[in-house]
Amino acid sequence: MVAVWWFLTKSRAGLVLRAVGENHAAAHALGYPVRRIRLLAILFGGGCAGLAGAYMSLVLTPFWSSGMTAGRGWIALALVVFAGWRPMRVIFGAVLFGFTLQLPFTLQAEQITFIPSALMQMLPYLATLVALIALSRPSTRNKLGAPKALGTPFVRDER
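Keep in mind it's a predicted model, so treat the numbers as computed, not measured. (Residues numbered from 1 in each chain as written. Predicted model: local features only at pLDDT ≥ 70, side-chain atom pairs only at ≥ 80, totals over all residues. Heavy atoms only, no water.)

1. What about the layout of surface pockets?
Each pocket or cavity is described by its volume, and for the largest pocket that value is around 2,300 Å³. Surrounding the largest pocket, 49 residues form its lining, M1, V4, F44, G45 and V80 being those nearest its centre. Taken as a whole, the second largest pocket encloses approximately 370 Å³ of empty space. Taken together, 16 residues line the second largest pocket, and the ones lying closest to its centre are P104, F105, Q108, S117 and Q121. Secondary structure elements with two or more residues in the lining of the second largest pocket: helix 6 (87–109) and helix 7 (117–135). Of the residues belonging to the lining of the second largest pocket, the class tally is 10 nonpolar, five polar and one charged. (1 Å grid on protein atoms, 1.4 Å probe; cavity = no way out; pocket = protein on both sides within 12 Å on 5 of 7 lines; lining within 4 Å. Points joined across faces, edges and corners; volume = space filled by probe spheres on them. Helix = DSSP H or I, 4+ residues; strand = E, 2+ residues; numbered from the N terminus. Nonpolar A, V, L, I, M, F, W, Y, C, P; charged D, E, K, R; others polar.)

As structure tokens, then:
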């Protein structure tokens, strides 16, 4: 995460990537290849997702089983929204969501049984839903620093 933070805030290529995310028309007017930059960003994100999948199937559980992700992709999405598109906030959010994932096991090991286990197993997903609902409204998304051109297609003016 520190390397991604450094790339996005301190390198020229990272600043260009952020400019494309904020206003692709302005970046295009400055001569940057918007489509290529977006494609490279998508490839990087896909590569990171592929590494995460390889980690889950090779390290976390050393075998493949159907449904092994158990909804962790939604938790990752909620983490991005929760972090407000700021790389260093991801660390705090990852610890928070990791805590909600580990809490049922810790309570079970300590033999604390007054909370139903089904409710404890739902806790990470409830936290994910709360984060997505609370932080995904357009007004809140803009306050958190989401790229302004997020989700808008780039159409080059052919004059």
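2. As for the confidence of the model for the protein
Averaged over the protein, the pLDDT score is 83; the fraction of residues at 70 or greater is 93%. Between the elements of the protein, mean pLDDT differs from a low of 67, seen in helix 8 (residues 138–144), to a high of 93, seen in helix 2 (residues 12–22). (pLDDT = per-residue confidence, 0-100.)

3. Some thoughts on helix 6
Along its 23 residues, helix 6 runs 33 Å from first to last C-alpha, staying within 8% of the 33 Å computed at 1.5 Å per residue. Taking the largest bend as the criterion, helix 6 deviates by roughly 40 degrees, centred on Q102, and proline P104 comes between one and four positions later. Those residues of helix 6 lying buried are P87, V90, G93, F97, T100, L103, P104 and L107. In this structure, the buried side of helix 6 is in contact with helix 1 (2–10), helix 5 (72–83) and helix 7. Positive backbone phi, at 60 degrees, marks Q111, one or two positions downstream of helix 6. (Expected span 1.5 Å × (residues − 1). Bend = angle between axes of the 7 residues up to and from the residue. Buried < 20%, exposed > 50% of the residue type's maximum accessible area, 1.4 Å probe, protein only. Contact = heavy atoms within 4.5 Å.)

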